[in-house]
Amino acid sequence: TVTRRDAYNNLVTSGSETVNLASNSTGNEKFVVSTFGAGLIGSVEDMVVSGSYAYVTDGGFGLRVVNVSNVAAPTLTGSLDTPYFATVVLLSGNYVYEADLGDLQIINVSNPAIPSFVGVYNPGDWVYTAFVSGAYAYVGVDNVGLQVVDISNPASPSLRGTFNTGSARFRG
């Protein structure tokens, strides 16, 4: 289960194939006011919430953008099928960074209804976890370790450094 808060301080959690929205409008008491599953074909792997939108990785079917501004009636706003199996999603500015097992996909979400590919970084093995800070993505790569990737030009990400973790394997 993945849990996040939206811009309205509502609790957004995911199950295997649904996104639940819980309101805190009655003080500290939380209750599920809606469940969203339409358009989620695979499984909810991860999500990030910003403003009115939840960006959800949908396993083998890529990215789903869900409008959660009305917690009683969330709606699918946009989607983008990605090549492999979408696991981790990060948001920085107008870009989603999605660990798609074999790659780190960079997706422009400035128009949430039409997410579009901008760039891709192929680390040489499976991407299990990632973190974005400023102009860099820190990517946990199976059998390789930590890779530091310059994402200042999202259309052309480039490797800046690697730390070999030895036998340690990254898992999200």
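Summary of the structure given here. (Residues numbered from 1 in each chain as written. Predicted model: local features only at pLDDT ≥ 70, side-chain atom pairs only at ≥ 80, totals over all residues. Heavy atoms only, no water.)

**A few points about the environment of Trp126**
Stated formally: Secondary structure elements are taken from DSSP: a helix is a run of H or I of four residues or more, a strand is a run of E of two residues or more, and numbering for both begins at the N terminus. By definition, residues are in contact when any of their heavy atoms lie within 4.5 Å.
Its location among the elements puts Trp126 in the loop between β12 (116-121) and β13 (127-133). Between the alpha carbons of Trp126 and Asp103 there is a distance of 7.0 Å; along the sequence they are 23 residues apart. Once residues lying within four places of it in the same chain are set aside, the contact partners of Trp126 are Leu101, Gly102, Gly140, Val141 and Asp142.

**Quick look at the pairing of strand β15 (residues 145-150)**
Going by this rule: Strand pairing is assigned whenever DSSP identifies at least 2 bridges connecting the two strands.
Across 6 bridges, the pairing between strand β14 (residues 136-141) and β15 is antiparallel. Residue pairing for β15: Tyr138 is matched across the bridge by Val148. In sequence, β14 turns back onto β15 through a hairpin of 3 residues, with Asn143 there showing a positive phi of about 65°. Alignment of β15 against strand β16 (residues 158-163), held across 5 bridges, turns out to be antiparallel. When the bridges of β16 are listed, Val148 appears paired with Gly161.

**A closer look at the nonpolar core**
Here is the rule we go by: Nonpolar cores are built from buried Ala, Val, Leu, Ile, Met, Phe, Trp, Tyr and Cys residues. Side-chain atoms within 4.5 Å join them into one set. Between buried and exposed lies partly exposed: a residue is buried under 20% and exposed over 50% of the maximum accessible area for its type, with that area taken using a 1.4 Å probe on protein chains only.
With 15 residues, the main nonpolar core has Tyr97, Leu104, Ala137, Val139 and Ile151 as its most contacted residues. Of all the secondary structure elements, the ones that give two or more residues to this core are β9 (88-92), β10 (95-99), β11 (104-108), β13 and β14. Sequence-distant contacts of Ala137, that is, excluding residues within four places in its chain, are made with Leu104, Phe131, Val132, Gln147, Val148, Val149 and Ile151. Core analysis: the second largest hydrophobic core is formed by 9 residues, Val48, Leu63, Val65 and Val89 among them.

**Points about the pattern of salt bridges**
Stated precisely, the cut-off is as follows: Any carboxyl oxygen of Asp or Glu that lies within 4 Å of a side-chain nitrogen of Lys or Arg is treated as forming a salt bridge with it.
The full count for this structure, using the stated rule, is 2 salt bridges. We note a salt bridge from Asp58 to Arg64, for which the minimum N-O separation is 3.3 Å. Of the two residues examined, Asp58 and Arg64, each falls in the buried class. Close ionic contact of Asp150 with Arg160 constitutes a salt bridge, the shortest N to O distance being 3.4 Å. Here Asp150, found in strand β15, pairs with Arg160, found in strand β16; they are 10 residues apart in sequence, far enough to count as distant. The class for Asp150 is buried, based on a relative accessible area of 12%. Taking relative accessible area as the criterion, Arg160 reaches 53% and is therefore assigned exposed.

**A few points about the packing of aromatic side chains**
Rules: Only centres within 6.5 Å qualify two rings of Phe, Tyr or Trp (six-membered ring in Trp) as a pair; their planes then separate them into stacked at under 30 degrees, edge-to-face at over 60, and tilted for everything else.
This structure, assessed with the given rule, holds 2 aromatic pairs. Measuring from ring centre to ring centre gives 6.4 Å for Tyr53 and Tyr55, while their planes differ by 45°; the resulting arrangement is tilted. Residue Tyr53 is classed as partly exposed on the basis of its relative accessible area, which comes to 22%. Given the relative accessible area of 5%, Tyr55 is considered buried. With a centroid separation of 6.0 Å and an interplanar angle of 55°, the aromatic rings of Trp126 and Tyr128 are classed as tilted.

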